[in-house]
Amino acid sequence: MKKVLLILAFPAVIFTTSCSSDDNDPPIVAIDPTCTDGVQNGDETGVDCGGSCTPCTAAIDNPASYTFERDGESTISFDGQTTRLKMGDELLSAFKVETNTAEKIQAMYAHLEGVMDFEDADLNASDKNIRSKTAASADYFSANATDQALIRADFDGWISAQVTEVFPNWGVVATAGTAGQLADGSSTRYVSAKGLEYNQLFNKGLIGALTVDQALNNYLSPAVLDAGENRADNDENVVAEGKPYTNMEHKWDEAYGYVFGLNADSADPNADLGADSFLNKYVGRVEGDADFAGIADDIFQAFKLGRAAIVAKAYDVRDEQAELIKEKISEIIGIRAVYYLQQAKVPLAGETPAYGTAFHDLSEGYGFIYSLQFTRKPNSSDAYFTKAEVDAFLTDLMDDGANGLWDVTPETLDGIATAIAERFDFTLAQAAE
């Protein structure tokens, strides 16, 4: 069975055709532009398949915006993702209130339905939480409870360290070996004795462990999209009980929600990138770099076409778009890891180093390096970097001397950044700007 994807120069319609042949050459296809119903016979397509052609079976109606309906009702739903992103924003704010206890911040992270953990009453009423979705993808962690436990322990530990190490020294000027505050222009950074901002580790680490892992390794995984009767139900337009969408449509939308769940207009999210403190913010940051301009639309268009392909039952197209999303989002994590490592060299280089600025950059870089273990190589079951490789990078970052970031050298920063860039299709110079 051979399959050829044909993209017509006509508004938002993509046709696929399947043919059998006795030779190894690809079928020759001449699409009849007058056919718009997605069902063409062999004569209309002009396919040379040795007389054994089957009709085209899918016409993909790719809309201009992320808008999909069934019987006049929207089939798009990602409320759970929006809820967790809102929880995340409030949780990050809690790292900056020195009177908070570890128990309070931990309760926000592992929220229980009905508990008054948040200022937003809707979040308090929710049965969702962030911790249960940290390092919880089907592809990476369903059979890897060991790494899942270690990763969740890291996030728990950063909460505890903020309270026990940083909060007691909130009004103290930080020095090598002493936690406290450092000026960063008009901002104040609060760091550990080794120069780490735990709120940045937590934030940027969650970009990988929550949003990237759930989107790429869970909801865009065929193991989730095609679970149970999902494909058969989608083929027959069997919707989930009491819902307007099929399970497969919903799973794809949940991946979309982790990227675009807080945008003002989810149908046109690139109009206000930076709508949350997680992945969306850094899609916007990378988009703003001339070397990577267009990446935000690449991600959006792939999500949109993949969703349209699900409606059309064109699963090969769906999977192709999922692989493109995995590549582009993983690239964003790599770019930002390199960017922050390189940016930090500037404030460290002066006669009087600007440690507040440098440590802020390096803490963000630490979190993005941490997130590399949740990336996904396209057409592969592997991350761009293993957990062991990530752990080694982080050890290297902190062990140029007894005081961690206070002692880090430009050579160490360049070495880690170069090793990261080499795995991706961008240069060190491109990412550093």
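Look a little higher up for the structure.
Residues numbered from 1 in each chain as written. Predicted model: local features only at pLDDT ≥ 70, side-chain atom pairs only at ≥ 80, totals over all residues. Heavy atoms only, no water.

With respect to the side chain of Arg84
Now for step 1: By the secondary structure assignment, Arg84 is in helix H2 (residues 79–94).
Now for step 2: The charged side chain of Arg84 is buried without a salt bridge, its nearest counter-charge being Glu254 at 6.3 Å.
Now for step 3: Other than its neighbours up to four places away in sequence, Arg84 contacts Lys128, Asn129, Ile130, Lys133 and Tyr258. (Helix = DSSP H or I, 4+ residues; strand = E, 2+ residues; numbered from the N terminus. Buried < 20%, exposed > 50% of the residue type's maximum accessible area, 1.4 Å probe, protein only. Lys, Arg positive; Asp, Glu negative; His and termini not counted. Salt bridge = Lys/Arg side-chain N within 4 Å of Asp/Glu carboxyl O. Contact = heavy atoms within 4.5 Å.)

Some details on helix H6 (residues 145–166)
Residues separated by three or four positions in an α-helix point in the same direction, a consequence of the helix having 3.6 residues per turn.
Now for step 1: Compared with the 32 Å implied by 1.5 Å per residue over 22 residues, the 31 Å span of H6 between its first and last C-alpha is a close match.
Now for step 2: All of the buried residues along H6 are Gln148, Ile151, Arg152, Phe155, Trp158, Ile159, Ala161, Gln162, Val163 and Val166. (Expected span 1.5 Å × (residues − 1).)

Looking at the pairing of strand E7 (residues 187–191)
Now for step 1: Bridge count between strand E6 (residues 180–184) and E7: five bridges; the pairing is antiparallel. For Leu182, the partnering residue across the bridge sits in E7 and is Arg189.
Now for step 2: What sits between the antiparallel neighbours E6 and E7 is a turn of two residues, in which Gly185 has the positive phi angle 65 degrees. (Pairing = 2+ DSSP bridges.)

Brief notes about the pattern of salt bridges
Now for step 1: Counted by the stated rule, this structure contains 17 salt bridges.
Now for step 2: We note a salt bridge from Arg231 to Asp226, for which the minimum N-O separation is 3.1 Å.
Now for step 3: Classification of Arg231 as partly exposed rests on a relative accessible area of 33%.
Now for step 4: Connected via shared salt-bridge partners are Arg70, Glu249, Asp253 and Arg307.

A word on the packing of helix H13 (residues 315–343) against helix H15 (residues 355–371)
Relative orientation and spacing of two packed helices are given, respectively, by the angle between their axes and the distance between those axes.
Now for step 1: Taken N-terminus to C-terminus, the directions of H13 and H15 make an angle of 150 degrees; their axes are 8 Å apart at the nearest point. Regarding the angle of H13 to H15, the classification is roughly antiparallel. As for how H13 packs across H15, the hand of that crossing is left-handed. On the side of H13, the interface is formed by Ile333, Arg336, Ala337, Tyr340, Leu341 and Gln343, while H15 contributes Asp361, Leu362, Glu364, Gly365, Phe368, Ile369 and Ser371.
Now for step 2: Tallied by class, the residues present in the contact of H13 with H15 amount to seven nonpolar, three polar and three charged. (Axes fitted to C-alpha atoms, helices over the stretch in contact; angles between N-to-C directions. Parallel < 35°, antiparallel > 145°, perpendicular 65-115°, else oblique. Left-handed = near helix turned anticlockwise from the far one by under 90°. Nonpolar A, V, L, I, M, F, W, Y, C, P; charged D, E, K, R; others polar.)

Geometric descriptors of this kind do not, in isolation, establish any biological role.
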